[in-house]
Amino acid sequence: MKCPFCKEEIADGAIKCKHCGSMLYQTEPQPMTQQVLVQQAPIWSSITSMVLGILALMTFLTEEWFTVDEAIGLAIISGLAIIFSAVALSQKQRGRGMAIAGLVTGILGALCALGIEF
Ligand SMILES: [Zn+2]
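Residues numbered from 1 in each chain as written. Predicted model: local features only at pLDDT ≥ 70, side-chain atom pairs only at ≥ 80, totals over all residues.

### So, the overall build of the protein chain
Of the regular secondary structure elements, the protein chain holds four helices and zero strands. Its helices and strands taken in sequence order, the protein chain reads α-α-α-α from the N to the C terminus. A burial count over the protein chain gives 27% of its 118 residues as buried. (Helix = DSSP H or I, 4+ residues; strand = E, 2+ residues; numbered from the N terminus. Buried ≥ 20, exposed ≤ 12 C-beta atoms within 10 Å, placed from the backbone.)

### Some thoughts on the nonpolar core
Leu 52, Ala 56, Leu 74, Ile 77 and Ala 81 are the most contacted members of the largest nonpolar core, which totals 19 residues. What Leu 52 contacts, discounting residues up to four positions off in sequence, is Ile 77, Leu 80, Ala 81, Phe 84, Gly 102 and Gly 106. (Core = buried A, V, L, I, M, F, W, Y, C linked by C-beta atoms within 7 Å. Contact = placed C-beta atoms within 7 Å.)

### Re the UniProt feature "transmembrane region" (unreviewed entry) in the protein chain
Per the UniProt record, "transmembrane region" (unreviewed entry) is annotated on residues 41-60, 72-90 and 97-116. The distance separating the terminal C-alpha atoms of residues 72-90 is 27 Å; by composition the span is 100% helix and 0% strand. (UniProt positions renumbered as here; feature names shortened; annotations may be inferred.)

### A word on the environment of Ala 86
Here Ala 86 lies in helix H3 (residues 68-90). As a C-alpha pair, Ala 86 and Ile 100 span 14 residues in sequence and 8.7 Å in three-dimensional space.

### Description of H3
Helix length check: H3, at 23 residues, gives a terminal C-alpha distance of 32 Å against a target of 33 Å (1.5 Å per residue), a fit within 8%. For H3, every residue scored as buried is listed here: Ala 71, Leu 74, Ile 77, Ser 78, Leu 80, Ala 81, Ile 82, Phe 84, Ser 85 and Ala 88. Just past H3, the residue Lys 92 takes up positive phi, approximately 55 degrees. (Expected span 1.5 Å × (residues − 1).)

### Here we look at unusual backbone geometry
In the Ramachandran plot, Lys 7 falls in the positive-phi region, its phi being about 65 degrees despite a non-glycine side chain. For Lys 7, the location among the structural elements is in the segment before helix H1 (34-40).

### Notes on the packing of helix H2 (residues 44-62) against H3
Viewed as axis vectors pointing N to C, H2 and H3 meet at an angle of 155 degrees, and their least axial separation amounts to 8 Å. Between H2 and H3, the crossing angle belongs to the class labelled roughly antiparallel. Along this stretch, H2 crosses H3, giving a crossing that reads as left-handed. Of H3, the residues touching H2 (which contributes Ser 45, Ser 46, Thr 48, Ser 49, Leu 52, Gly 53, Leu 55, Ala 56, Thr 59 and Phe 60) are Leu 74, Ile 77, Ser 78, Leu 80, Ala 81, Phe 84, Ser 85, Val 87 and Ala 88. For the contact of H2 with H3, the residue count by class is eleven nonpolar, eight polar and no charged. (Axes fitted to C-alpha atoms, helices over the stretch in contact; angles between N-to-C directions. Parallel < 35°, antiparallel > 145°, perpendicular 65-115°, else oblique. Left-handed = near helix turned anticlockwise from the far one by under 90°. Nonpolar A, V, L, I, M, F, W, Y, C, P; charged D, E, K, R; others polar.)

Have a look at this one:
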């Protein structure tokens with residue numbers, strides 16, 4: 001192929017003309033801006049963590065006392081809420097507020113369950 005600037009023969013696929021030094025390919029436009037990435041980020045972990053957190057919250061607020069099974073169930077729900085919120089936050093998923101709500105309620109539920117078990 002020929003350089004479009006100086007018309008000298010250059011290698012096919014060259015990115016820079018060896019004769020005149022012109023860049024032959026413009027840099028690729030960024031396919032995704034940060035804004036687009038944020039908009040397309042998944043939200044399921046945030047929602048899941050908040051739902052599990054609310055579930056844990058309801059469990060330890062409505063029960064006056066727990067059986068060991070209920071405490072284990074609460075610990076599992078709380079643990080999952082914490083895991084999902086950690087995933088949502090580490091992956092920078094949308095719904096950060098929901099993920100934090102899931103994290104806080106998950107920790108509360110876990111502490112509550114541990115306090116009952118021991
Ligand atoms: Zn050239």
